[in-house]
Every structure is written in structure tokens, then in C-alpha cells.
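A closer look at the structure
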Amino acid sequence: MAKHDIELYGRKTFFIAPDTSLIPKSYLEEFLGRGYETYIINDDYACPLQTKVREITKLYPESILYFNIDARVEGVEWKSYIRELQEYLGSSVLIGIFYLKRQNSEDEERIKTYYVRDVRIKAGCFALSQGNQNNFDSILATLEQSGAKGRRNLVRAICDKSSSVKFEHKGTGYTANLLDVNVTHFRCDLQGGADGFEIFDKIRDVALYVNGTSFMSDAVLIMKRNFSGKNLCVFMFIKRDDTPDLEKETEKKLNQKIYQIVLNENMEKLNNAFRSSEN
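Everything numeric here is computed off the predicted structure, so don't read it as measured data.

Thoughts on the environment of Val220
Summarising the element assignment, Val220 is placed in strand 11 (residues 213–227). Exposure remark for Val220: the relative accessible area of 7% places this residue in the buried category. When near neighbours in sequence (up to four residues on either side) are disregarded, Val220 contacts Phe200, Asp201, Lys202, Val234, Phe235, Met236 and Ile238.

Thoughts on the sheet that holds strand 1 (residues 13–16)
Taken in spatial order, the five strands make up an open sheet running 2-1-3-4-5, and their pairing is parallel. Both outer strands of the open sheet, strand 2 (38–41) and strand 5 (125–128), are each paired with one neighbouring strand and no more. With direction set aside, neighbouring strand axes in the sheet form an average angle of 20°. Those strands touched by helix 2 (residues 25–33) are strand 1 and strand 2, and its axis lies near 155° from that of strand 2. The strands touched by helix 5 (residues 105–118) are strand 4 (94–100) and strand 5; relative to strand 4, the strand with the most contacts, the crossing angle is about 170°.

Description of the pattern of salt bridges
Oppositely charged side chains can pair when the atoms bearing their charge come close. Evaluation of the coordinates by the stated rule reveals 19 salt bridges. The residue Asp44 makes a salt bridge to Lys52 at a minimum N-O spacing of 2.6 Å. Of the residues examined, Asp44 reaches a relative accessible area of 37% and is grouped as partly exposed. Assessed through its relative accessible area of 3%, Lys52 is described here as buried. Residue Glu55 pairs with Lys58 through a salt bridge whose shortest N-O separation is 3.5 Å. Of this pair, Glu55 and Lys58 both sit in helix 3 (residues 49–59), separated by three residues, roughly a single helical turn. One network of salt bridges, with partners in common, ties together Arg204, Asp205, Asp218, Arg240 and Asp242.

Regarding the environment of Glu30
Within the element layout of this structure, Glu30 appears in helix 2. Along the primary structure Glu30 and Leu65 are separated by 35 residues, whereas in three dimensions their C-alpha atoms are 19 Å apart. Within the structure, the side chain of Glu30 is placed 3.2 Å from the side chain of Arg34, a separation counted as a polar contact.

Digging into the packing of aromatic side chains
Summed over all chains, the structure comprises 20 aromatic pairs. With a centroid separation of 5.1 Å and an interplanar angle of 5°, the aromatic rings of Phe98 and Phe126 are classed as stacked. Linking Phe98 in strand 4 with Phe126 in strand 5, this pair joins segments that are 28 residues apart in sequence. Take Phe98 and Phe126: they sit in the same class, and that class is buried. When the ring centre of Phe215 is taken as reference, the NZ or CZ atom of Lys253 above it lies at 5.1 Å.

Concerning the pairing of strand 9 (residues 185–189)
When strand 8 (residues 172–181) meets strand 9, the two strands line up antiparallel, connected through four bridges. Within the sheet, the bridge partner assigned to Val181 lies in strand 9 and is Phe186. The antiparallel hairpin formed by strand 8 and strand 9 contains three residues in its connecting segment. Two strands pair when backbone bridges link them, and strand 9 and strand 12 (residues 230–238) are joined in this way by five bridges, in the antiparallel orientation. Within strand 12, the position partnered with Phe186 by the bridge is Phe235.

As for helix 5
The end-to-end C-alpha separation of helix 5 is 19 Å, in line with the 20 Å expected for 14 residues at 1.5 Å each. Taken together, the buried positions of helix 5 are Glu108, Ile111, Tyr114 and Tyr115. Turning to helix 5, the residues buried within the fold contact helix 4 (78–89), strand 4 and strand 5. The N-cap residue of helix 5 is Asn104: its side-chain oxygen and the backbone nitrogen of Glu106 are 2.7 Å apart. A positive backbone phi angle near 65° is found at Arg120, which sits one or two residues after helix 5.

Side note on the nonpolar core
Counting 86 residues, the largest nonpolar core has Ile16, Phe31, Phe67, Trp78, Ile82 and Phe186 as the members making the most contacts within it. Setting aside anything within four residues of it in sequence, one finds Ile82 in contact with Phe67, Ile69, Ile95, Ile97, Tyr115, Val119 and Ile121.

Details of helix 6 (residues 135–146)
For an α-helix, 3.6 residues make a turn, and residues three or four places apart therefore share a direction. Spanning twelve residues, helix 6 covers 17 Å between terminal C-alpha atoms, matching the ideal 16 Å at 1.5 Å per step. Those residues of helix 6 that sit buried are Asn135, Phe136, Ile139, Leu140, Thr142, Leu143 and Ser146. Taken end-on, helix 6 shows its buried residues confined to a sector of 165°, consistent with a single buried face. Exposed residues lying more than 90 degrees from the buried face of helix 6 are Glu144 and Gln145.

Quick notes on the rules
- Residues numbered from 1 in each chain as written.
- Predicted model: local features only at pLDDT ≥ 70, side-chain atom pairs only at ≥ 80, totals over all residues.
- Heavy atoms only, no water.
- Helix = DSSP H or I, 4+ residues; strand = E, 2+ residues; numbered from the N terminus.
- Buried < 20%, exposed > 50% of the residue type's maximum accessible area, 1.4 Å probe, protein only.
- Contact = heavy atoms within 4.5 Å.
- Pairing = 2+ DSSP bridges.
- Axes fitted to C-alpha atoms, helices over the stretch in contact; angles between N-to-C directions.
- Salt bridge = Lys/Arg side-chain N within 4 Å of Asp/Glu carboxyl O.
- Polar contact = N/O pair within 3.5 Å; in protein donor to acceptor, adjacent residues only side chain to side chain.
- Phe/Tyr/Trp six-rings, centres within 6.5 Å; stacked < 30°, edge-to-face > 60°.
- Lys NZ or Arg CZ within 6 Å of the ring centre and 35° of its normal.
- Expected span 1.5 Å × (residues − 1).
- Core = buried A, V, L, I, M, F, W, Y, C linked by side-chain atoms within 4.5 Å.
- Arc of directions from axis to C-beta.

The following block contains the structure:
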């Protein structure tokens, strides 16, 4: 990915060997709703963790890796491993760390001094605490400082061929192929029906079928164009009172679906790489 693409779309971020009670799935879904694309990589029997890291950096050379330096991983001594990895990867992949908050402030300072000042990790560090409601904010602040999101505000999911949009407009029913969606907009191919629409036309009770899950919302047409034989139309979600955005419960449900789509797509690639890798 070119530098300008990273600045625009951000970097995929991987939390390596985390305690998932401290970084639960709900955090990842909420990060996605804020434009951050984050994943958890566990230490399991698929292949050694070092191999997983190698495959991630091959598939996503612009990614960010946050290592849980409290995790016990066979064959890994975190200080030397991260130093060597930092030297090997250079500036392409950004490295950060996280750990369970220390009771002694001097211990915390030693950790930061070694990894930030001596090793010169580029993605920063954060400490987590059991039952601490501030964990989410601590991670989010570190992601923001590392530029993980880029200038992108929302993550878009590419929909499968079974996905569709159905609605009625001026007494005529339409069914369109749903191409992609985020929590504020969707894009579809109206095929031969786009000529009957004007920009800012409002559509009531739009039924979206996103990779097998249904959603309902009002929408307004904000863009249309013909491209490669497709009549592409971009709609913005609106509430019943015509204000922008989805109703809160629908937005939460759609965001969870988008995360599932994006997670499945990228983890399938990674799991295939893990299985076929030479340890």
C-alpha cells in the first residue's frame, strides 16, 4: 500500500496474544464503528506465534502490531524478539506493546524506557487493568496517536452476491444489487432503473439484505453514475424525521454485521496463510 493510501485508509491493527477479558470482541466492534480496523491474534496450535506474525506482515505490510508482553509464548522472550523484529521490519510495519498495569510506577517507567526510548517502537504502548472501564479509552487514545485510522472515518464492507436492496419509489418496486455498506451509506446497482431517480429523492422503508441479515431504514439518494455498465447509486441512511444516520439500535446491529464481514474476509486469508506456512 502506498503512503498516500495509508494516510487515507489507515492500517489494519492486530493485538497479539491478548487477554481477551481485557480486550473483548465488543471493543473491536466499537473501534470499527469509529473507523479503526482491529483484530485479535491468539497464541494457539495453528502454528507458532512467530510464524503468525511473519504471515501477517507479508499479507499486510502496512499493519500495526501490538504485542502483549505479559503473555507467555513458547520460544519468545519479548525484549529481544521485539527488538529484532523492529530492526528487521524497519518502518513498514508499526510495532507497539501493551501489558497489565504495574503496581510499581518505577516498573512501568522501565517498560516504557526500554521499548519506547531504546527499541524505538513506533506505535506506542498502553496499560490495561482488570475491571477498569478506562481500558477502552486507553486503547483508543493509542490507536489515534499511531494514526491507525488514517483520514477514513468509517469502514466499508463489501457485500456478497446474495445481498440486495428492495424498496418502492413513486409506486414502482425496485430490487437492486447491494455492493457495499457502512453505517451511514450504502452503494447499489439499480441496473436499468436509475433514470427514474433524482438526487435527494427520499426513499421510505428500504429493506437491505446484507450477507444474509436484514435491515430496514429510510434513505436519500446522494450520488449516481454509470460505470462499467452499472448504474451505481449511493444512498445515505436517514431517520424518519429526515435527519442523517440510522436509528441507534439499527446502527449497532449493522456495525456488528460489518465487523463480522470484514473479520471473516481477513481472517480467512490469514488462517489460510497460517495453515500453509512453513514453520
